[in-house]
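A look at the structure
One letter stands for each residue in the lines below.
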Amino acid sequence: MLLTRGVGVSAFLEAAQSLLNTKMTFEGVEVHGRTDPLIWQALAKRNGIEDHEPYADQLREGYHQVLKNRVEQGGTRFDALNGAAALIKAVVEHPSLTAGLLTGNFQETGEIKLHAAGFDPADFTVCAWGADAQTRRGLPPVAMKRFQQVQGRSVAAHEVVIIGDTTHDIDCARANDCWAIAVATGGDTRETLAACEPDLLVDDLSDTDGLIDWILTRVNTSPTLSD
């Protein structure tokens, strides 16, 4: 999740190993920018489990419990990325913008990460979670539909800004004709992100005023805010 920094992989792995009662490895499994259902699919395949679907619901429940316990006991922490809290606050307080969350996380574990990093999930008027679509490309339409349900009006693709730190974030923005802001906070390198030609590339989210101005310039000719 772009807003936070923290490790959920070990909790995911613990849940999977407990469910299947076998040792497993995450080696070679891509995590950044992927949805949790796809991560489970890839993890299962990597460890020789071809039919992963029957275990999906139990894996989700187990992962939720493991992550919840770890956070409550102080064994796992999530920190807000530089500038993320101030940017979300600015968007929430701005009369022309709507804060949304587009993420590959399951809703229940995503909310745990948000709370742990100091965010209030209620600040995000619309959300699209990892289980809401088959791929990350399918998440923006979900968020846009929910925006219409909540706000009572439709939102055009050119009114949506997707902020992310992986090539998958840029790809899902491009696939849905949304604006893409790439942030070099570790999901992918700055060079890799630049090669995907996002509309804006920044090192972090610390320039609140600059980012808000950039967003307003684009949405007023043609976004909202996500992931």
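This text gives an overview of the structure that appears in the document. (Residues numbered from 1 in each chain as written. Predicted model: local features only at pLDDT ≥ 70, side-chain atom pairs only at ≥ 80, totals over all residues. Heavy atoms only, no water.)

1. What about the overall build of the protein?
What the protein contains, in helices and strands, is nine helices and seven strands. Over its C-alpha atoms the protein spans a radius of gyration of 17 Å, differing by no more than 12% from the 17 Å that the globule rule assigns to 227 residues. Counting all 227 residues of the protein, 46% fall into the buried class. Within the protein, one finds 19 positive and 32 negative side-chain charges whose respective centroids are separated by 2 Å. (Helix = DSSP H or I, 4+ residues; strand = E, 2+ residues; numbered from the N terminus. Rg over C-alpha atoms; globule rule 2.2 N^0.38 Å. Buried < 20%, exposed > 50% of the residue type's maximum accessible area, 1.4 Å probe, protein only. Lys, Arg positive; Asp, Glu negative; His and termini not counted. Charge placed at Lys NZ, Arg CZ, Asp CG, Glu CD.)

2. Considerations on helix H9 (residues 208-219)
Counted at 1.5 Å a residue, the expected span for H9 with its 12 residues is 16 Å, and the 16 Å between its end C-alpha atoms agrees. Of the positions making up H9, those classed as buried are Thr208, Leu211, Ile212, Trp214, Ile215, Leu216 and Val219. (Expected span 1.5 Å × (residues − 1).)

3. Some thoughts on the side chain of histidine 52
Within the element layout of this structure, histidine 52 appears in the loop between helix H2 (36-46) and helix H3 (56-72). Assessed through its relative accessible area of 16%, histidine 52 is described here as buried. If sequence neighbours within four positions are ignored, histidine 52 has contacts with Trp40, Gln41 and Ala44. (Contact = heavy atoms within 4.5 Å.)

4. Focus: the environment of tyrosine 63
When you line up the elements, tyrosine 63 lands in helix H3. Spatially, the C-alpha atoms of tyrosine 63 and serine 18 are 9.8 Å apart, while their sequence positions differ by 45 residues.

5. Some thoughts on the side chain of threonine 98
Position of threonine 98 among the secondary structure elements: in the loop between helix H4 (84-93) and strand E3 (100-102). Within polar-contact distance, the side chain of threonine 98 engages the side chain of glutamine 151 at 3.4 Å. (Polar contact = N/O pair within 3.5 Å; in protein donor to acceptor, adjacent residues only side chain to side chain.)

6. Some thoughts on the packing of aromatic side chains
Summed over all chains, the structure comprises three aromatic pairs. Each ring, one from phenylalanine 12 and one from phenylalanine 26, has its centre 6.0 Å from the other, and the planes form 70°; the classification is edge-to-face. Pair noted here: phenylalanine 12 is in helix H1 (residues 9-20) and phenylalanine 26 is in the loop between H1 and H2, with a separation of 14 residues, a long-range link. For the residue pair phenylalanine 12 and phenylalanine 26, the accessibility class agrees, reading buried in each case. Seen in terms of ring centroids, tryptophan 179 and tryptophan 214 are 6.0 Å apart; in terms of plane orientation they differ by 85°. Their pairing is edge-to-face. Taken together, the residues span a long stretch of sequence, with tryptophan 179 in strand E6 (residues 179-183) and tryptophan 214 in helix H9 at a distance of 35 residues. (Phe/Tyr/Trp six-rings, centres within 6.5 Å; stacked < 30°, edge-to-face > 60°.)

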